[in-house]
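One-letter residues, chain by chain:
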Amino acid sequence: MTNPPPEGRRDLRALPKAHLHLHFTGSMRPRTLLEMAQQRRIRLPRGLTDGVGLQVEPTQRGWFRFQRLYDAARAVVDSEAAMRRIIREAAEDDAAEGSGRLELQVDPTSYAPHVGGLTPALEIVLDEAEASERATGVSVGIIVAASRTRHPLDARTLARLAARHAGRVIGFGLSNDERRGDTTAFAPAFRIAQNAGLASVPHGGELLGPDHVHNVVTSLHPDRLGHGVRCVEDPRLLEQIVDSGIGLEVCPASNASLGVYAEATDVPLRALTDAGAAVALGADDPLLFGSRLLEQYETARIMGFSDTELAALAASSIRLSRAPEDVTARLLAGVEDWLSGPALLPPPEEQGRTAQR
Ligand SMILES: [Zn+2]
């Protein structure tokens, strides 16, 4: 790769990237949520309609507030049409931000009662993922995610379902409040998923520190950690993660919203990449955090990442994805083209402006 001038600022929207940490309901456009709620005469809590990103303390109370808003948003997703619309719009929004690969996490449990069960719920998701890929050009993979708040046997049921659909389903995750549930109890579910060739992509190292990251690493053998940022607190653990090639799905806006760090720019992205960690920036739940994928790259730029380093972050996200080889090769070539192309120097008032819609 050629070295761009240090003052070079290229259009981050045009930088090909992969989006590996995005939740189904959390990906919704605020306008779509509002429209669907109105159609159903559902009153949404103000926290979902005020256009302000969520800001809570990193306590159980803070998480409860986040979860309550999330549940309120999920309550409008009560039909096949609603499910399809969410996936289509997530792919469209990713396309608009330069993402060429989306790996979307869904826990089909909440939607199953509306569409006749877990299997139809997942099949709708997979069918629409394929249709959205054709329509938008964004390659779409699905991660089936279990919840820490439910019984580990439920996780096994989901893992078996995910395993039966390996292909378009590319991974198995574990989400919700990291402080809840016994991580080791989910190991059998992850074994089922990994035996079927699925990637292990549990959350960990967000609300809890190195001890829990260590537990996730030894019990669930992750290919990537959802967040994982707090492994930075233990240099030996970080080194182990780097050596084992475990990717970190770093979501600065999410960490700031949930109070893990005071500001998005306080997220230790630089320390992680300096240590050699493979990072993929993600938006997590843009509906609640008011910040989409592009803004995470803009945050990295504010942190001082040069265009060369931003291109390396994008390339890292692509390599960490489970995209088909031809997609990976095409996107990586696009990153090189981006970096060898001309730098833009937009007026200062436009620099760092975000993709608000
Ligand atoms: Zn997440």
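Residues numbered from 1 in each chain as written. Predicted model: local features only at pLDDT ≥ 70, side-chain atom pairs only at ≥ 80, totals over all residues. Heavy atoms only, no water.

Side note on the side chain of Glu-89
Topologically, Glu-89 is positioned in helix H4 (residues 80–96). The class of Glu-89 is buried, set by a relative accessible area of 10%. Polar side-chain contacts of Glu-89 include one of 2.6 Å to the side chain of Thr-32. Here Glu-89 is in contact with Arg-29 and Thr-32, once residues within four sequence places are set aside. (Helix = DSSP H or I, 4+ residues; strand = E, 2+ residues; numbered from the N terminus. Buried < 20%, exposed > 50% of the residue type's maximum accessible area, 1.4 Å probe, protein only. Polar contact = N/O pair within 3.5 Å; in protein donor to acceptor, adjacent residues only side chain to side chain. Contact = heavy atoms within 4.5 Å.)

Topic: the sheet that holds strand S8 (residues 247–250)
Spatially, the four strands line up as an open sheet ordered S6-S7-S8-S9, and their pairing is parallel. Edge strands, defined here as strands with exactly one partner in the open sheet, are strand S6 (203–204) and strand S9 (279–281). Those strands touched by helix H15 (residues 307–320) are strand S7 (224–227), S8 and S9, and its axis lies near 100 degrees from that of S9. (Pairing = 2+ DSSP bridges. Axes fitted to C-alpha atoms, helices over the stretch in contact; angles between N-to-C directions.)

Description of the sheet that holds strand S2 (residues 99–106)
Spatially, five strands are ordered S1-S2-S3-S4-S5 in an open sheet, and the strand pairing comes out parallel. A strand with exactly one partner marks an edge of an open sheet, and here the two such strands are strand S1 (17–23) and strand S5 (199–200). Two strands pair when backbone bridges link them, and S1 and S2 are joined in this way by five bridges, in the parallel orientation. Looking at the pairing, His-19 lines up with Leu-102 of S2.

Quick look at the side chain of His-19
Tracing the backbone shows His-19 in strand S1. From its side chain, His-19 meets the backbone nitrogen of Ala-283 in a polar contact 3.0 Å long.

What to know about unusual backbone geometry
The phi angle at Arg-41 is positive, at roughly 55 degrees, despite the residue not being glycine. With respect to the helices and strands, the residue Arg-41 is situated in the loop between helix H1 (30–39) and helix H2 (46–49). Located in the positive-phi region is His-227, a residue other than glycine, with phi close to 75 degrees. Its place among the elements puts His-227 in strand S7. Judged by its relative accessible area of 0%, His-227 falls in the buried class.

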